[in-house]
Amino acid sequence: MKILVPVKRVIDYNVKPRVKADGSGIDLQNVKMSMNPFDEIAVEEAIRIKEAGKAEEIIAVSVGPAKAQETLRTALAMGADRAILVEVEDGVDVEPLAVAKILKAIADEESPGIVMLGKQSISDDSNQTGQMLAALMGRPQGTFANTVEVEADSVTVKREIDGGLETVKLTLPAIVTTDLRLNEPRYASLPNIMKAKKKPLDTKTPADFGVDIAPRLTTTNVSEPPVRQAGEKVADVDALVAKLKAMGVA
Amino acid sequence: MKTLVWVEHDNSELKDATLSVVTAAAKLGEVHLLVAGSGCSGVADQAAKIAGVGKVHLADDAAYEHALAENVAPLIADLMGHHDAVLFPATTTGKNIAPRVAALLDVMQISDILSVEGGKVFTRPIYAGNAIATVESSDAKLVITVRGTAFDKAEPAGGSAAVEAVSGPGDAGLSSFVGSEIAESERPELTSAKIIVSGGRALKDAETFEQFITPLADKLGAGIGASRAAVDAGYVPNDYQVGQTGKIVAPEVYIAIGISGAIQHLAGMKDSKTIIAINKDEDAPIFQVADIGLVADLYKAVPELTEKL
Ligand SMILES: Cc1cc2nc3c(=O)[nH]c(=O)nc-3n(C[C@H](O)[C@H](O)[C@H](O)COP(=O)(O)OP(=O)(O)OC[C@H]3O[C@@H](n4cnc5c(N)ncnc54)[C@H](O)[C@@H]3O)c2cc1C
Ligand SMILES: Cc1cc2nc3c(=O)[nH]c(=O)nc-3n(C[C@H](O)[C@H](O)[C@H](O)COP(=O)(O)OP(=O)(O)OC[C@H]3O[C@@H](n4cnc5c(N)ncnc54)[C@H](O)[C@@H]3O)c2cc1C
């Protein structure tokens, strides 16, 4: 079985995003970029499935600018076997629907048993791509995975839902999206980072797959949310109690 | 515009999350509801009473009992032949199903809207709420998820819509429900609680969390939340997590105890009316958003607070 792992290059989660003064978007100039944290979890899970002898090959895919190669090299250094970059011009945003169409085309060629994605990217927070891909492929989806167990022709996914946890069983091929507690991703070791430089990385374009990436949504403005002002510090618990009472809370 | 709203329920009770979505849908046009489930006609009756609702579609079929996306998405896609927009609450159920419907319809979903600015123009948070984007759709049909805290709840009573049975393709044969672990609790649900007491990594372990946070929450009749760090460390279950990748809450009062205030946490609670922080580090970022801050060791301050309330 092959596992396809789409990985996205996003602003590093430690960086506080700044809105551009002209309202056209987020300033990504000279900002540290990293692999979307949920995608690191997806790569890790794929590697664990392979290490357990249940998969033979892991293919990492990214749709993004040339620099997304770095993200793919990270996936290769962690343990993916080969990578595909679907390159778009720097600054071009590809919406989840178009990403899902590209992934569908790649899945048609590669026939993976599982496509393992992040549940959401921390940039656009869309939380859509995996579910869209599942619809386009006509295959089942196990979103927000907390535990994944691969069997011969099915995968059992325990999902993090609002009230707690839910378990579903999906026939393969299936789409899985990762939640935070699925695993703790490994760090790539230096020798593996060196080895990753020699692993195959193919470059394609959306046109190679016949996918139109023209956006359906137009962002007309990006603004700062209202800023909350720091309030006051109280001296002790008695003062806090007085405040709460004044608010009618106690 | 004719809109369809996904009704969130557990086959017996309609969930509050539905009511804010009805308010958002009413800004677009006529509101129809979809109750999909099994043995859920009672929910349809509750749905019909929501003020401002034109019609309730009831799809009662064993295949829809657990709202498996593989089964309900085709049903909704069919109904979209007669509707211009479908709206879901941005709950885990809504987030699971909506994109599948969008892809079946070949449209781009608009996630987590904060406001309706026009027929096809909406605002939504991006980058953990550090920016608000205004987006306009060019698609013929709209698929939307709605942030509950951004819209008032529609009145659950006063309406008298007709209930109409509909049927869909049923079981897609791709997935099955195995089981669930849902904590039964008398406590208010996080997304509708008026007061939330939230604990962070500083609480050390599950027993300590329970010992210090629970009595205060009990005293206040509050819901209990947590930071990701507290959930990851196993102090509390996953559904307690507040934040960018957990639950988005906006209670009257949010009390953050031993939580540093990482941007991912703030993304989930910074629209609370009053934020109170108790932290021993006076430079903790949480104090930058707190209306009332107390610099103190929680192990002394929290029991004292609980006692004096
Ligand atoms: C103002 C603004 C500025 C933006 N600037 C940028 C920018 O500079 N760069 C940028 O990349 N996006 C940018 N975006 C986002 C972009 O427009 C798309 O909406 C976004 O790439 C897709 O949404 P998502 O990643 O949130 O999808 P989600 O559905 O949340 O992603 C879920 C998962 O799908 C997979 N996935 C998603 N996208 C890709 C991909 N491209 N390649 C491989 N796997 C993927 C990953 O596994 C990911 O974890 C911006 C958006 C706005 C509104
Ligand atoms: C992809 C991604 C998604 C994430 N999503 C979320 C999310 O949805 N929600 C979320 O919360 N986090 C999220 N995080 C994690 C976030 O970045 C922080 O790591 C987390 O919020 C920290 O939790 P904390 O404040 O409890 O712990 P810490 O940052 O360790 O803070 C503990 C605080 O307790 C204080 N303290 C210690 N002892 C005492 C004492 N005795 N009395 C009083 N105060 C004390 C300390 O001063 C400190 O400020 C996410 C991270 C990533 C990468």
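Scroll up to find the structure.
Residues numbered from 1 in each chain as written. Chains lettered and ligands numbered in written order. Predicted model: local features only at pLDDT ≥ 70, side-chain atom pairs only at ≥ 80, totals over all residues. Heavy atoms only, no water.

**Student:** Sorry, what's going on with the overall build of chain B here?
**Tutor:** Scanning chain B from terminus to terminus reveals eight helices and 16 strands. Taking 309 residues into account, the globule formula puts the C-alpha radius of gyration at 19 Å, and chain B, at 21 Å, falls close to it. Structurally, chain B occupies a C-alpha span of about 60 × 40 × 40 Å along its principal axes. Residue burial in chain B is summarised as follows: out of 309 residues, 58% are buried. (Helix = DSSP H or I, 4+ residues; strand = E, 2+ residues; numbered from the N terminus. Rg over C-alpha atoms; globule rule 2.2 N^0.38 Å. Buried < 20%, exposed > 50% of the residue type's maximum accessible area, 1.4 Å probe, protein only.)

**Student:** I tried to follow the packing of aromatic side chains on my own but got confused; where do I start?
**Tutor:** For any pair of aromatic rings, the description consists of the separation of the ring centres together with the inter-plane angle of the planes. Here the structure, examined in full by the defined rule, presents two aromatic pairs over all chains. Both rings, one in B:Phe212 and one in B:Tyr299, keep their centres 4.9 Å apart while their planes meet at 85 degrees; by these two values the pair is edge-to-face. Residue B:Phe212 is located in helix H5 (residues 206-220), and its partner B:Tyr299 is located in helix H8 (residues 298-308); the two are separated by 87 residues in the primary sequence. The exposure class of B:Phe212 is buried, given its relative accessible area of 13%. According to the relative accessible area criterion, B:Tyr299 is partly exposed, its value standing at 24%. In this structure, A:Lys233 packs its charged tip against the face of B:Phe287, placed 4.7 Å from the ring centre. (Phe/Tyr/Trp six-rings, centres within 6.5 Å; stacked < 30°, edge-to-face > 60°. Lys NZ or Arg CZ within 6 Å of the ring centre and 35° of its normal.)

**Student:** Which parts of the structure should I look at to understand the sheet that holds strand E13 (residues 223-226) of chain B?
**Tutor:** The strands making up a sheet associate through backbone hydrogen bonding, with each pair oriented either parallel or antiparallel. The six strands lie next to each other as E13(A)-E16(B)-E15(B)-E14(B)-E12(B)-E13(B), forming an open sheet whose pairing is parallel. The two strands at the open ends of the sheet, each matched to only one other strand, are strand E13 (232-234) of chain A together with E13 of chain B. Averaged over all adjacent pairs, the angle separating strand axes in this sheet is 20 degrees, with direction ignored. Bridging between strand E12 (residues 195-199) of chain B and E13(B) involves four bridges; their strand directions are parallel. When the sheet's bridge partners are listed, B:Val197 is paired in E13(B) with B:Ile224. (Pairing = 2+ DSSP bridges. Axes fitted to C-alpha atoms, helices over the stretch in contact; angles between N-to-C directions.)

**Student:** Even after reading the chapter, I still don't get the pairing of strand E16 (residues 292-295) of chain B, so can you show me in this structure?
**Tutor:** A regular strand places its side chains so that they alternate between the two faces of the sheet. Strand direction decides the pairing type here: E13(A) and E16(B), joined by three bridges, are parallel. Residue A:Lys233 lies in a different strand from E16(B), and its bridge partner there is B:Gly293. The pairing of strand E15 (residues 274-279) of chain B with E16(B) spans four bridges and is classified as parallel. Counterpart to B:Ile278 in the pairing with E16(B) is B:Leu294.

**Student:** I'm lost on the pattern of salt bridges in this one. Help?
**Tutor:** When charged atoms on two side chains of opposite charge get close, those side chains can pair. All names here are of chain A. Taken as a whole and judged by the stated rule, the model has 26 salt bridges over all chains. Glu 51 is the salt-bridge partner of Arg 186, the closest N and O atoms lying 3.0 Å from each other. Highlighted residues: Arg 186 in the loop between strand E10 (174-178) and helix H5 (190-196) and Glu 51 in helix H1 (residues 37-51), separated in sequence by 135 residues. Residues joined by salt bridges that share partners form a network here, namely Lys 2, Glu 57, Arg 82 and Glu 110. (Salt bridge = Lys/Arg side-chain N within 4 Å of Asp/Glu carboxyl O.)

**Student:** In this structure, what is going on with the interface of chain B and chain A? I would like to understand it.
**Tutor:** For interface size, the figure often reported is the accessible area lost on association. Taken together, the 82 residues of chain B in the interface contact 79 residues of chain A. Overall, the association of chain B and chain A removes approximately 6,700 Å² of surface from exposure, summing both partners, and the carbon and sulfur fraction of that is 55%. Applying the counting rule to chain B against chain A returns seven salt bridges. Here B:Asp139 ties to A:Arg216 by a salt bridge, and the two come within 2.7 Å at their closest N and O atoms. Inspection of the region where chain B meets chain A yields 42 residue pairs in polar contact (both at pLDDT 80 or more). Two strands pair when backbone bridges link them, and strand E12 (residues 217-223) of chain A and strand E8 (residues 131-137) of chain B are joined in this way by six bridges, in the antiparallel orientation. Bridge assignment links A:Asn221 to a residue of E8(B), and that residue is B:Thr134. (Contact = heavy atoms within 4.5 Å. Buried area = accessible area lost by both parts, 1.4 Å probe. Polar contact = N/O pair within 3.5 Å; in protein donor to acceptor, adjacent residues only side chain to side chain.)

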